[in-house]
Structure formats: structure tokens, C-alpha cells
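So the chains spell out like this:
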Amino acid sequence: MSVRTKIILLLVPIIALLVAGGLYFLNKGHKKVVVENEALQKEVEPQSLVSDGVKLNDEAEPLNDIVEEKIEEAKEEEKIEKVVEEKKDEKEDVKEESEEEIDFDIKNKLVSWGYTKSSTRTIDTIVVHSSYNALGGDEYDTDLLIKEYKEYGVSPHYLIDRKGKVYRLVEDKNVAYHAGVSETPDGREGVNAFSIGVELINNKEDEYTKAQYSSLNNLIDYLEGKYKMKYILGHDEISPGRKTDPWNMNWKKVDR
Ligand SMILES: [Zn+2]
């Protein structure tokens, strides 16, 4: 047996012992990490701790430090995520609120009379009216009232029923016949040409419903978003002496 062979034979068990010892310590540290951090196992994998620079033969002590660090980091991240989520929720709330304000229903019920087609007019006035079905039957029936408009060959652009439901009878761009002989405070006659007519269903004795005021304000908001409005006026204000509607209108409840 040569000297070289003897040395190799001696070294083999020593290397084997060192490797076994190293594996033992590594395993010990590994187990500790798993036990102490069950709750965080998903966020912090023990494997990544070892690869973060811990040598195989090191004691479990520095591993614990790193584990604690990782736990702190994970907690911090969780906190940040929570704050980000909360901010997101806040933003969504604000969005919902603002959508609620302008998102009201307009149901199309376009009529074939009571207007002249146009595509070039400028709109800067809203005229508010009131009317009811005076031809027999339910005074507040929407279809009967529209039938009455047909008999007279007139129509507003919008009609708000007692429950606050908004119907579109004529498209904004067209000139609807709702005002008749009329004049705005700045001296312009023939108000139909540059206005939007809004009828609220009401007789001469009753008050408007809360839903009607709410829908009227939503409609005004909606129209002011589309056109640069100069006036929001009652029919009686543009045709004084001839017209008295909108009857019993409480203008304090209208945004104008
Ligand atoms: Zn009127």
C-alpha cells in the first residue's frame, strides 16, 4: 500500500463525517424555521433563507435572525398591501357615488308629432312645465297625457311622471312645440328654437312628488353637462299673462 493510498483511505471517513455533520446542522436549522413560521410558510420559503447566504455549517442562530427579518418584511408588505387595498376601496366608493348622481334612467318614448327636425340648433335654455290628462280617466296617466299632447300637436322633450320616471319624447336636437309665444329675459322670442322643454305631471292643486324634484334636478344636471345653459325658467316666466305653469313649483327645491 503506497503512502498516497493510505492518506486517501484516512481522508474518506473524515470527509464522510464532516458531510454528515453538516447535513445534521442544516436539517436542525431547517426544522426550526418550519416550526416557528408555519403561519408564514406560504410567503417565506425556508429554502430561500438558505440561499440568502447562510453557509451549510453555520449554527441555527443566524438563521433565526434572518427568519425574524423575513417575518417583519412580510408583515410590512402585508400592511402596505392592506393600505393599497383600502385606498382602492375608497376610490371605488367615490366613483360609485358620482355615478349614482348622473346615472338616472331616461326611457325613450319618442313621438311622431309636436316637433320640427333640426341638427344645427344651439341649446341654452330649459323651460319647465306642468300638465295633466284633462280628457277623462286618470289625470296622472302618462299614456293618456301623451295622447292629449297628440290631440294638440304639441310635445315636450322630456316628461317626468309622478314616480319620477323620465321619458324622452323628442330628441334634444329637434325643435319641440312646448313654449308657444314666448320671450326670454334677454329679449329673444320664439323660445322653442333654443330650448329644451320639460313637463312634470301635476294638476293645479297638488304638490310635486319628492321623486319628481329629484328627477328634475338629475335631468338639469344631465342637460347642463351637455349644453352651456343660460336659463332655467318656468313657462310662466317666458309667457307671462298667457301661461301659469309649472303650477305650485317650489323653485327652492330646484337647482337653477
Ligand atoms: Zn307649459
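First, a word on what this report is: a plain description of the structure on this page.

Let us look at the overall build of the chain. Secondary structure assignment for the chain yields six helices and eight strands. Along the chain, from the amino end to the carboxyl end, the secondary structure elements read α-α-α-β-β-β-α-β-β-β-β-α-β-α. Put simply, the chain has 256 residues, and 37% of those count as buried. The long-range share in the chain, meaning contacts at least 24 apart out of those at least 6 apart in sequence, stands at 70%.

The next point concerns a negative patch on the surface. A grouping of Asp-138, Glu-139, Glu-205, Asp-206 and Glu-207 is seen on the molecular surface, where their side chains present a negatively charged patch. Take Asp-206: it is sitting in the loop between β7 (195–201) and α5 (210–226). With a relative accessible area of 31%, Asp-206 lands in the partly exposed category.

A few words on the coordination of the zinc ion. For the zinc ion, every protein donor is listed as His-129 (ND1), His-235 (ND1) and Asp-245 (OD), and the spread of their distances is 2.1 Å. The motif formed by the donor residues of the zinc ion, counted along the single chain, is H-x105-H-x9-D. Of this pair, His-235 sits in helix α6 (residues 235–238) while Asp-245 sits in the segment after α6, and the two are 10 residues apart along the sequence. Given the relative accessible area of 3%, His-235 is considered buried.

Taken as a whole, this structure holds seven salt bridges when the rule is applied. A salt bridge links Arg-188 to Asp-186, with the shortest nitrogen-to-oxygen separation between them at 3.1 Å. The exposure class of Asp-186 is partly exposed, given its relative accessible area of 32%. Among the salt bridges present, the one from Arg-256 reaches Glu-237, with a minimum N-O distance of 3.1 Å. Linking Arg-256 in the segment after α6 with Glu-237 in helix α6, this pair joins segments that are 19 residues apart in sequence. Here Arg-256 falls in the partly exposed class, since its relative accessible area comes to 46%.

A few words on the packing of aromatic side chains. Summed over the entire model, instances satisfying the criterion amount to three aromatic pairs. With a centroid separation of 6.0 Å and 80 degrees between ring planes, the pair formed by Phe-104 and Tyr-222 is classed as edge-to-face. Within this pair, whereas Phe-104 is found in the loop between α3 (60–102) and β1 (106–108), its partner Tyr-222 is found in helix α5, the two being separated by 118 residues in sequence. By relative accessible area, which is 25% here, Tyr-222 ends up partly exposed. Taking 5.9 Å as the distance between ring centres and 70 degrees as the angle between the ring planes, the aromatic pair formed by Tyr-208 and Tyr-213 counts as edge-to-face. For Tyr-208, a relative accessible area of 6% puts it in the buried group. Cation over ring: Arg-162 sits above Tyr-140, and NZ or CZ is 4.3 Å from the ring centre.

Moving on to the environment of Leu-200. Assignment of secondary structure puts Leu-200 in strand β7. Once the C-alpha coordinates of Leu-200 and Ser-131 are considered, the two residues, 69 residues apart in sequence, prove to be 6.5 Å apart. Among all residues touching Leu-200, those that are not within four sequence positions of it are Val-128, His-129, Ser-130, Ser-131, Ile-160, Tyr-208, Gln-212, Leu-216 and Met-249.

This part takes up α5. Over its 17 residues, α5 runs 25 Å from end to end, which matches the ideal 24 Å to within 8%, given 1.5 Å per residue. For α5, the set of buried residues is Gln-212, Tyr-213, Ser-215, Leu-216, Asn-217, Asn-218, Leu-219, Ile-220 and Leu-223.

Moving on to unusual backbone geometry. Note that the residue after Asp-245, namely Pro-246, is joined by a cis bond; omega there is 5 degrees. Among the structural elements, Pro-246 can be located in the segment after α6. With phi around 55 degrees, Asn-248 is a residue other than glycine that occupies positive phi space. Following the sequence through the fold, Asn-248 ends up in the segment after α6.

What counts and what doesn't
- Throughout, a residue's number is its position along its own chain's written sequence, starting from 1.
- Confidence filtering applies because this is a predicted model: local features only for residues at pLDDT of at least 70, side-chain atom pairs given and counted only at 80 or more, and all residues used for totals across whole chains, interfaces and linings.
- With hydrogens and water set aside, each side-chain value is computed from the structure's full complement of heavy atoms.
- Runs of E in the DSSP output that reach at least two residues are strands. Runs of H or I that reach at least four are helices, and both are numbered from the N terminus.
- Partly exposed residues are those whose accessible area sits between 20% and 50% of the maximum for their type, while under 20% is buried and over 50% is exposed, using a 1.4 Å probe and protein chains only.
- Here a residue-residue contact requires only that any non-hydrogen atoms of the pair lie within 4.5 Å.
- Candidates for patches are residues over 30% relative accessible area with no salt bridge; among them, like charges are joined within 9 Å and nonpolar side chains (Val, Leu, Ile, Met, Phe, Trp, Tyr) within 5 Å.
- Each accessible area is a Shrake-Rupley result for a 1.4 Å probe, and residues are judged covered by the shown protein chains and nothing else.
- The rule for a salt bridge is simple: a side-chain nitrogen of Lys or Arg has to be within 4 Å of a carboxyl oxygen of Asp or Glu.
- The charge count treats Lys and Arg as positive and Asp and Glu as negative. His and the chain ends do not count.
- Lys charges are placed at NZ, Arg charges at CZ, Asp charges at CG and Glu charges at CD.
- Sites may look incomplete because water is not among the atoms; the donors themselves are N, O and S atoms within 2.8 Å of the metal, or within 3.2 Å for Na, K and Ca.
- Side-chain rings of Phe, Tyr and Trp, where Trp is taken by its six-membered ring, are said to pair if the distance between their centres is within 6.5 Å; with planes under 30 degrees apart they count as stacked, over 60 as edge-to-face, and otherwise as tilted.
- As a reminder, the over-ring test applies to NZ of lysine and CZ of arginine, requiring each to be within 6 Å of the ring centre and within 35 degrees of the ring normal.
- By this rule, a helix spans an expected 1.5 Å times one less than how many residues it contains.

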